[in-house]
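Geometric and topological summary
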Amino acid sequence: MLLLEIKNLDKIYSSRLGLNKVQALDSISFSIEQGEYIAVMGESGSGKTTLLNILATIDRPTSGEVILEGENILGLKQSQLSAFRRDNLGFVFQDFNLLDTLSIEDNIYLPMVLAGESFGDMEERMKALTKRLGIENLLKKYPYEVSGGQKQRTAVARALITRPKLVLADEPTGALDSKSSEHLLELFSEIHKGGQTILMVTHSIKAACHASRVLFIRDGKIFNQIYRGVNSYEKMYKKISETLTSLQVGGEF
Amino acid sequence: MVKKKKKRHLLPVLAINGILKNNSIYGPYIFAGAFAVFVFFTLSSIIVNDLVYTLPYSGYIKVLMMIGLVVLGIILVPFLLYTNSFLIKQRKKELALYTILGLGKKHISIMLLIETLVIYLVVLFGGITTGLVLGKFMFILLLNLSGLDLHIQFELNGKAFLNTMVFFLILYLFTLIKNLVSVYRLTPSELMRSHKENDREPRFAVLRGSIGVIVLCGGYWIAINSKVDGFIFTNFFLAIIFVIIGTYCIFKAGLHVLLTKMRKNKRFYYKAQNFITVSGIHQRINKSSTSLSNMCIYSTMIIITLLCTVSLFFGMTHIVNYRYAYDVEMIFENQVTSSIPMENVKQFNKMVYIDLSLVQEENHFSVSEDEYAPKEKVRFLTQEQYEEFGNESLNLEDGEVAVFTNGPDLNFKEIHLGDQTFTVTEELEKIVGVNKSYGNVYLNVIYVILKNEKMVENTFHELGIDGKLAYKTKYIVMLNEENKVETIEKLSLWTSQQPGMLSFDDVISGEADTKSMAGGLLFLGIFCGIVFLICFLIIMYYKQISEGHDDRYNFWVMQKVGLSDGEVKSTIRRQIMTVFFIPLLFATIHTLVAIQMIVRLFAVIGLFEESVIVLSSIGVIVFYIFIYMFSYLKTSKTYYRIVRM
Ligand SMILES: Nc1ncnc2c1ncn2[C@@H]1O[C@H](COP(=O)(O)OP(=O)(O)OP(=O)(O)O)[C@@H](O)[C@H]1O
Ligand SMILES: [Mg+2]
């Protein structure tokens, strides 16, 4: 089943006087099936975060369409966007973006509280989630009292608690050491197996290997994509690194 | 070598840049400093201007200006330290960056030294220049308010310069030392730390809160119950200290207990607006409660200063009217027989009496050798003397007295003088030439009217006073309106030539005296009021800035997670409103209690009209509520701007 359709996205950043223009996205089109796990790769400055922000409705494209379950989300009014965001999307950021004012528990509740859910529902979901993520003993602590990996798992719990249709992650392993990264990626795979649709931007080949499909972006365009299919981990790894090399080589011309 | 030299050149540049780049926070700080210098300089100029004291009726001015100077000095110390700590906190990141880029702590210290010096010089220059330009007008304003002769020049005096320079030098050195200590204590990583840890929960919050309540009530108790005597200023001071300490404790503990309660109530806490507000305030509970307490204390000071000023302004005529039921009063030793010059005199009365200072216990009066025992002034006169004074006849018998007081009614059935007991036949409503006021608790005189001189002699004998009776004679004179001043001068001359002259008092000099005192107080009230208000506004402004910076990230994240713009706005409003009224509420309660004390203090200078004070209080409080709301709304714009940047 088709979840998300992206058609001809363009994004042009222009400086205030309009003198400098940067084409961050250049007619990007692709679609995401329900239950897919997509990794987006590309060089720094290729437009990955821009793409993610547009899908997250934090930023608007210059032109193009983003259709979620048949509805064009770019047609939503400013006032509807935040409600849309918290009902349909979950976010995991590179630098966690947890609130130091809130305990781990309250950080996880945040989107549900903002959505006006009742406390009983939240508590139930939170208990189940934190157990699965292995942070059930940290609930009363504050973000500055736990490790980076634990913070990121908290952020994942926060992204999942609203049962979003799509989880968006921008370099979620970027600030983690390899062990925590590994742990987090396993977690993502597990969530994916449970039927969650995920779109993750990453620089790590290892991370991308967990995905069911890898999109490569260069200069704002989709350059290539690789399906995991039945490929083994080693084969996938090799394919991805080859593509990345050709991305770079291509960039040098 | 070259490098080192460069660095040295760089430091002043960095220092000045530091101030300029942060002008939105240094601006108000410097402005407040300059204004304080201006007021300080003006007050000292007035104090050291010896010419002022050549003016008649200027006796109060020096004392009042001195008091003003001391109060100003006392208030400025905590204010500068508090605002300074805020400034240094705001700049920690910048300083840390410098250390990481290779400036040692020594260099940072030099930089801070230069910075403080620059601020000091700017503040001094700004304040003194303003003083030089406006000082003359201030001086004229003071003379005008005090009803003093305007021909005196505002003199520039080296001493005033020196005083101001030295006082503020010490003040700013103090802040510098504090900054240096805090820089030396911190490591770069601490300076740089990106996340802010939550304030530690106040320990023993309940205990602390209870102590706060007890201390506050203690302060209130002192304020309500202390009598006007030699300890009044000690008591006043104690009450202030207690109330301040109590306020700080209660705000901190109270806020903590309240927020904890709110957090425990899950149905309440997990509502979008409450959630963010409650956790936000709880995170910075120390900072919040300190700034709220400061706002409360400064609000109280502003209200009370304004209240006293306004009461005095409207009460001045009451003071004069109460004291002067006549135009001239002359008092002589012994019984005087010669008659006064009658030119221009409309009417005069003569009263012969004896004054004693007696210890009073209810309706028992006795003589005490103890110099420090509190005593009441009791005035004895015979029925005949009373009637001679122009009052109606009384028909007293032996063992009977009539009483009167110019304060609150005595309500005695009988009166004990030593071992003698008298029946009180009548408490008189009035006596010619004496005004009665129920508010006059401290300057009151008790009049006891006995049947005849023999009764007086007997009574005095019983009290243990023998020998010749020490009579006094008092004339009170009403004059025709024309040539009043000249007549008073003539009477004054005449009085001074009489044997046994004790005192001469007239309504015109009394008015002038009262006006000079009240005018001096008004002048002080206005300027101290403005200084306090500026301090208050800056504290409020800094609170909004620092909270804005604290909350910005939180709102940014929440918007990403799905908080709409409108919700952000309403949450901010909620957050502001939650704590908005607390300082104002407490300041009002403090004021209501302080009014008790103010009424008593004003009674000392002869203002007994409580309605004036009460009405002024209501007016001032209402007025202040508007100022408070207005400045809160204005400064919260800064908060909005920072949060939503
Ligand atoms: N707000 C902005 N204004 C102007 N140009 C921008 C803005 N944000 C991004 N860009 C430009 O758009 C291009 C794409 O940026 P983007 O952040 O999407 O890259 P990225 O792929 O996420 O890079 P990285 O891997 O380093 O995070 C870059 O050239 C960047 O300079
Ligand atoms: Mg990026």
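By convention here, each chain's residues receive numbers from 1 onward along its written sequence. To read the labels, note that chains go from A and ligands from 1, taken in the order they are written. Note on the predicted model: pLDDT of at least 70 is required for a residue's local features to be given, and 80 or more for side-chain atom pairs to be given and counted; whole-chain, interface and lining totals, by contrast, use all residues. By convention in this description, side-chain values take in all heavy atoms of the structure and omit both hydrogens and water.

**A look at the nonpolar core**
Among the nonpolar cores identified, the biggest contains 171 residues, and I240 of chain A together with M65 of chain B are the most heavily contacted of them. In this description a helix means any DSSP run of H or I spanning at least four residues, a strand means any run of E spanning at least two, and both kinds are numbered starting from the N terminus. Ranked by the residues each element gives to this core, the list is headed by helix 16 (residues 507-561) of chain B, at 21 residues. Residues within four places of I240 of chain A in sequence aside, it is in contact with M41, I205, A208, C209, V214, F216 and I226 of chain A. Judged by nonpolar contacts, the second largest core, of 31 residues, contains L4, L89, F91 and V201 of chain A. We define the nonpolar core as a collection of buried residues of types Ala, Val, Leu, Ile, Met, Phe, Trp, Tyr and Cys that are connected through side-chain atoms lying within 4.5 Å of one another. Whether a residue is buried, partly exposed or exposed follows from its accessible area with a 1.4 Å probe, protein chains only, as a fraction of its type maximum: under 20%, in between, or over 50%, in that order. Any two residues whose heavy atoms approach within 4.5 Å are treated as being in contact.

**Overview of the site of ligand 1**
Residue and element names in this part refer to chain A. We call a residue near a molecule or strand whenever a single non-hydrogen atom of that residue lies within 4 Å of it. In the region of ligand 1, 13 residues are neighbours, and S44, G45, K48, T49 and T50 sit closest. At 3.5 Å from a nitrogen atom of ligand 1 is found a side-chain nitrogen or oxygen belonging to Y13. Polar contact is defined as a pair of N or O atoms within 3.5 Å, subject to the rule that within protein one atom must be able to donate a hydrogen and the other to accept it, and that residues adjacent in sequence are counted only when both atoms are side-chain atoms. At 3.3 Å from an oxygen atom of ligand 1 is found a main-chain nitrogen or oxygen belonging to S46. Reported accessibility uses the Shrake-Rupley method at a 1.4 Å probe radius. Residues are deemed covered only where the shown protein chains occlude them. Here ligand 1 loses 59% of its free accessible area of 640 Å² to cover by the protein chains. Secondary-structure elements contributing two or more residues to the shell around ligand 1 are strand 2 (21-33) and helix 1 (48-55). For the shell around ligand 1, the element with the highest residue contribution is helix 1, accounting for three residues.

**Some remarks on the pairing of strand 7 (residues 166-170) of chain A**
Residues and elements named next belong to chain A. Burial analysis of strand 7 places five of its five residues in the buried class, the great majority of the element. Of the two faces of strand 7, the one holding L166, L168 and D170 and the one holding V167 and A169 are both buried throughout. The pairing of strand 6 (residues 89-92) with strand 7 spans four bridges and is classified as parallel. If you follow V92 over to strand 7, its bridge partner there is A169. Strand direction decides the pairing type here: strand 7 and strand 8 (residues 197-201), joined by five bridges, are parallel. Note: two strands are recorded as paired if DSSP finds a minimum of 2 bridges between them.

**With respect to the pattern of salt bridges**
Just to be clear on terms, a salt bridge is a Lys or Arg side-chain nitrogen sitting within 4 Å of an Asp or Glu carboxyl oxygen. Evaluated as defined, the whole model comprises 14 salt bridges over all chains. Among the salt bridges present, the one from K140 of chain A reaches E105 of chain A, with a minimum N-O distance of 2.7 Å. Of this pair, K140 of chain A sits in the loop between helix 4 (119-133) and helix 5 (148-160) while E105 of chain A is found in helix 3 (residues 104-115), placing the two residues 35 residues apart along the sequence. Linking K238 of chain A and E242 of chain A is a salt bridge whose minimum nitrogen-to-oxygen distance equals 3.8 Å. Here K238 of chain A pairs with E242 of chain A, and both are found in helix 8 (residues 233-252), just four residues apart, close to one helical turn. For K238 of chain A, a relative accessible area of 54% corresponds to the exposed category. When salt bridges with common partners are traced through the structure, they connect R284, K543, E547 and D551 of chain B into a single cluster.

**As for the domain arrangement of chain B**
For chain B, the assigned domains are domain 1 (1-197) and domain 2 (345-479). What counts as a domain boundary in this text is fixed by an automatic or database domain assignment. Taking the mean C-alpha position of each, domain 1 of chain B and domain 2 of chain B sit 58 Å from one another.

**Description of the packing of aromatic side chains**
Working definition: a ring pair exists when centres of Phe, Tyr or Trp rings (six-membered ring for Trp) sit within 6.5 Å. Plane angles under 30 degrees give stacked, over 60 give edge-to-face, the rest tilted. Under the defined criterion, the tally for this structure stands at 37 aromatic pairs over all chains. The interplanar angle of 45° and the centroid separation of 6.0 Å between the aromatic rings of F348 of chain B and Y475 of chain B together place this pair among those described as tilted. Of this pair, F348 of chain B sits in strand 2 (residues 345-361) while Y475 of chain B sits in strand 9 (residues 472-479), and the two are 127 residues apart along the sequence. Taking the centre distance of 6.1 Å and the plane angle of 55° together, the rings of Y624 of chain B and Y628 of chain B count as tilted. Taken together, the positions of Y624 of chain B and Y628 of chain B, both in helix 18 (residues 610-643) and four residues apart, correspond to about one turn of that helix. By relative accessible area, which is 0% here, Y628 of chain B ends up buried. By the ring-pair criterion, three or more aromatic residues cluster together here, those being Y109 and F119 of chain A together with Y269, Y270 and F275 of chain B. In this scheme, Lys NZ or Arg CZ marks a charge over a ring once it lies within 6 Å of the ring centre and within 35 degrees of the ring normal. One residue, R379 of chain B, lies across the ring of Y353 of chain B, its end atom 4.3 Å from the ring centre.

**Points about the sheet that holds strand 2 of chain A**
The strands that make up a sheet pair up through hydrogen bonds in the backbone, lying either parallel or antiparallel. Residue and element names in this part refer to chain A. If you walk across this open sheet you meet the four strands as 2-1-4-5, and the pairing is antiparallel. At either margin of the open sheet sits one strand with a lone partner, and together these are strand 2 and strand 5 (71-72). Pairing of strand 4 (residues 63-68) with strand 5 involves two bridges; the strand directions are antiparallel. Note on strand 5: the bridge partner recorded for I67 is N72. Interaxial angle, 0 to 180 degrees, is taken between N-to-C directions of lines fitted to C-alpha atoms, where a helix line uses only the stretch in contact. Taken strand by strand, helix 1 contacts strand 1 (2-14), strand 2 and strand 4, and its axis lies near 120° from that of strand 1.

**Looking at the sheet that holds strand 8 of chain A**
Residue and element names in this part refer to chain A. Across the sheet, which stays open at both edges, the six strands sit in the order 6-7-8-3-9-10 with mixed pairing between neighbours. The two strands at the open ends of the sheet, each matched to only one other strand, are strand 6 and strand 10 (221-227). Taken pair by pair, the neighbouring strands of this sheet meet at an average axis angle of 20°, ignoring direction. Where helix 5 meets the sheet, its contacts fall on strand 6 and strand 7, and the angle it forms with strand 6 comes to roughly 170°.

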